[in-house]
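Listed here are the chains, written in short residue letters.
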Amino acid sequence: MAKNDPQQKQQRTFFVKELIAFAVLFILLGFTVFGIFQHSVMQNVDIGLENQRSQILTNQSQPSIRIDPNKGTAKITPSVGGPFRSSTIIFDKDGTIINKPMLGDHFYSLIKSIKLDKTQTDKIYDMTISSKNFTSHFRTLLVKVPESNENALYAGNYAMIVENIDADLLALKSFQKAIFITIIIFWILAISIAYYLSKSSMKPILKSWRRQRDFSANAAHELRTPLTIIRNQLEFLLTKPNDKVVDQAEKISTSLNSVNQLQTLTDRLLTLSRSDADVVQVNLQSQKLDTFFTEVIRPYKDVAASQNKNLTVNIDTPGSGAFDGGLIRQLLVILIDNGIKYTPTEGEIGIDIQRIKDNLKIKVSDNGPGIPDTDKKRIFERFYRTDKSRNSKTGGNGLGLAIASFIVDQHHGKISVRDNQPNGAIFEVSIPLKSHVKVI
Ligand code: ADP
């Protein structure tokens, strides 16, 4: 295939489009999955914060301050209700942290610089606290506790519920990494599979497209030769307006030959294009075999004789059989025509038709040039000719055997060619007479 072959270009464009489409698809998938995961993680944290707030407001929360009436001292009980990674910082109205002993020295040293921002009351927001050695991330909720709260520590103050989300962020980061790697792997996999699938599904399309393209090109080429001959002959005749028909009989006969050639060619092209479109009707009809074959072959005795060639016929086909008479006639015409066409003068053409059980065996032999082994399979292809120069003389167009093969296929039979001895070719056809004949 040429480098700039439009099919290759098309395939490349397809591939690039697939590449981009899959990338967009997987990126969207990654963002969606990550977004959902992040949302659910943060939602859990927020639910924890909200729970703690309601605990504080409904007095279910520790810590509390109990006054010892005997000693007159206050005892602070640390919080035990919230999750272990959350703490509550209590600010008085002036923004001073009043529960320092509950927070522990280490945590207090970390958060002591936090300023009370009353505008953030009842809002959940993120907070990052950095010290010399590390940075911690928190999600916080600031609650204004009413004076009426039974817990003296909270009453009238601000409770800042802070939840450490370092572990969540770490998990999110690992998840992000895992998604990224998974996307890359699946992207490569998807592209490979898509590439393989598109290539294999394109194969039959490309094959039929090439076949169609070759068919049209070959058909046009085959039509050109007889058309050129006819035009030349007619142009010549125009230069002799006073001549009689008899004076230019040769020119007229040449034109007529080309017209016949055109007729055969267009008929064959039509048959093949119909076969491609699957609109050829196989009309099964019971035929009296002997009568049918004798009638088809009769005119060829004269044709062969007129060319000084010998045609021997052996028909041994008792009884009747069902097949498409028109198509089988066409098949015989193609094989016998070729036999006569490619056999030299004084040559022998043999037709042998036998019924063996429910099989029809047709054999057409000649002692012409034969068919080289390398061409034996290819001669059934459309427009294939073994020797172009020889064929240009015989006026063939390489369609006959393609049609013969199609007809045999439609009858679920087989066609093959082998060498005749000492020279020439033998075409053999085997067709089941009764069963499995496809009716379209
Ligand atoms: P064509 O119209 O050219 O004969 P066919 O499809 O009938 O087309 O045959 C294809 C080619 O097979 C021919 O061009 C010829 O080269 C070769 N061929 C067919 N029949 C014979 C034969 N009996 N002897 C030698 N060559 C043959």
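Since this is a predicted model, take the numbers as computed values, not measurements.

Colleague: Tell me about the sheet that holds strand β10 (residues 348-356), and name the residues and values.
Modeller: Strand pairing in a sheet takes place through backbone hydrogen bonds and is either antiparallel or parallel in direction. Pairing is mixed across the open sheet formed by five strands, whose spatial order is β8-β10-β11-β13-β12. In the strand order of this sheet, the two ends are held by β8 (310-316) and β12 (414-419), each with one partner. Averaged over neighbouring strand pairs, the angle between their axes works out to 10° when direction is ignored. As defined by bridge partners, strand β11 (residues 359-366) adjoins strand β13 (residues 425-432) across seven bridges and the pair is classed as antiparallel. When the sheet's bridge partners are listed, Lys363 is paired in β13 with Glu428. Sitting on the sheet, helix α9 (residues 400-410) touches β12 and β13, and the angle it makes with β12 is about 135°.

Colleague: Would you mind going over a nonpolar patch on the surface in detail, with residue names and values included?
Modeller: A contiguous nonpolar surface patch, about 1000 Å² in accessible area, is contributed by Phe180, Ile181, Ile184, Ile185, Phe186, Ile188, Leu189, Ile193, Tyr196 and Leu197. Its location among the elements puts Tyr196 in helix α4 (residues 166-238).

Colleague: Can you lay out the packing of helix α5 (residues 249-277) against α9 for me, pointing to particular residues and giving the numbers?
Modeller: Running from amino to carboxyl end, α5 crosses α9 at an angle of 40°, the nearest separation of the two axes being 10 Å. Viewed along their axes, α5 and α9 adopt a mutual orientation that is oblique. Crossing handedness for the pair α5 and α9: left-handed. From α5, Arg268, Thr271, Leu272 and Ser275 reach across to α9, where they touch Gly400, Ala402, Ile403 and Phe406. For the contact of α5 with α9, the residue count by class is four nonpolar, three polar and one charged.

Colleague: Can you tell me about the pattern of salt bridges, naming the residues and giving the values?
Modeller: A complete count under the given rule lists 15 salt bridges for this structure. A salt bridge links Arg382 to Asp276, with the nearest nitrogen and oxygen atoms 2.8 Å apart. One end of the pair, Arg382, is in the loop between β11 and α8 (388-394); the other, Asp276, is in helix α5, and 106 residues separate them in sequence. Residues Asp373 and Lys376 are paired through a salt bridge, measuring 2.5 Å at the closest nitrogen-oxygen approach. Judged by relative accessible area, Lys376 falls into the buried class, the value being 14%. Among the ionic contacts, a cluster of salt bridges with common partners joins Asp46, Asp126 and Arg139.

What counts, and where the lines are drawn
Throughout, residues of each chain are indexed from 1 in the direction in which the sequence is written. With the structure being a predicted model, the display of local features is reserved for residues of pLDDT at least 70 and the display and counting of side-chain atom pairs for 80 or more, all residues being used for whole-chain, interface and lining totals. With hydrogens and water set aside, each side-chain value is computed from the structure's full complement of heavy atoms. Two strands are counted as paired when DSSP detects at least two bridges linking them. A run of H or I in DSSP counts as a helix once it spans at least four residues, and a run of E counts as a strand once it spans at least two, with each numbered from the N terminus. Interaxial angles span 0 to 180 degrees and are taken between N-to-C directions of axes, which are lines fitted to C-alpha atoms, for helices over the stretch in contact. In what follows, a contact means two residues having at least one pair of non-hydrogen atoms within 4.5 Å. Each patch is built from residues that are more than 30% exposed by relative accessible area and take part in no salt bridge. Like charges join if they lie within 9 Å; nonpolar side chains (Val, Leu, Ile, Met, Phe, Trp, Tyr) join within 5 Å. The Shrake-Rupley method, run with a 1.4 Å probe, gives the accessible areas here. Residue values count only the displayed protein chains as cover. Any carboxyl oxygen of Asp or Glu that lies within 4 Å of a side-chain nitrogen of Lys or Arg is treated as forming a salt bridge with it. When describing relative orientation, an angle under 35 degrees is termed roughly parallel and one over 145 degrees roughly antiparallel, while 65 to 115 degrees is termed roughly perpendicular and anything else oblique. Rotating anticlockwise by less than a right angle from the far helix to the near helix defines a left-handed crossing, while the corresponding clockwise rotation defines a right-handed one. Any residue outside Ala, Val, Leu, Ile, Met, Phe, Trp, Tyr, Cys, Pro, Asp, Glu, Lys and Arg is labelled polar, Gly included; the first ten of those are nonpolar and the last four are charged. For every residue, the accessible area obtained with a 1.4 Å probe (protein chains only) is divided by the maximum for its type, and the residue is called buried under 20%, exposed over 50%, and partly exposed between those limits.

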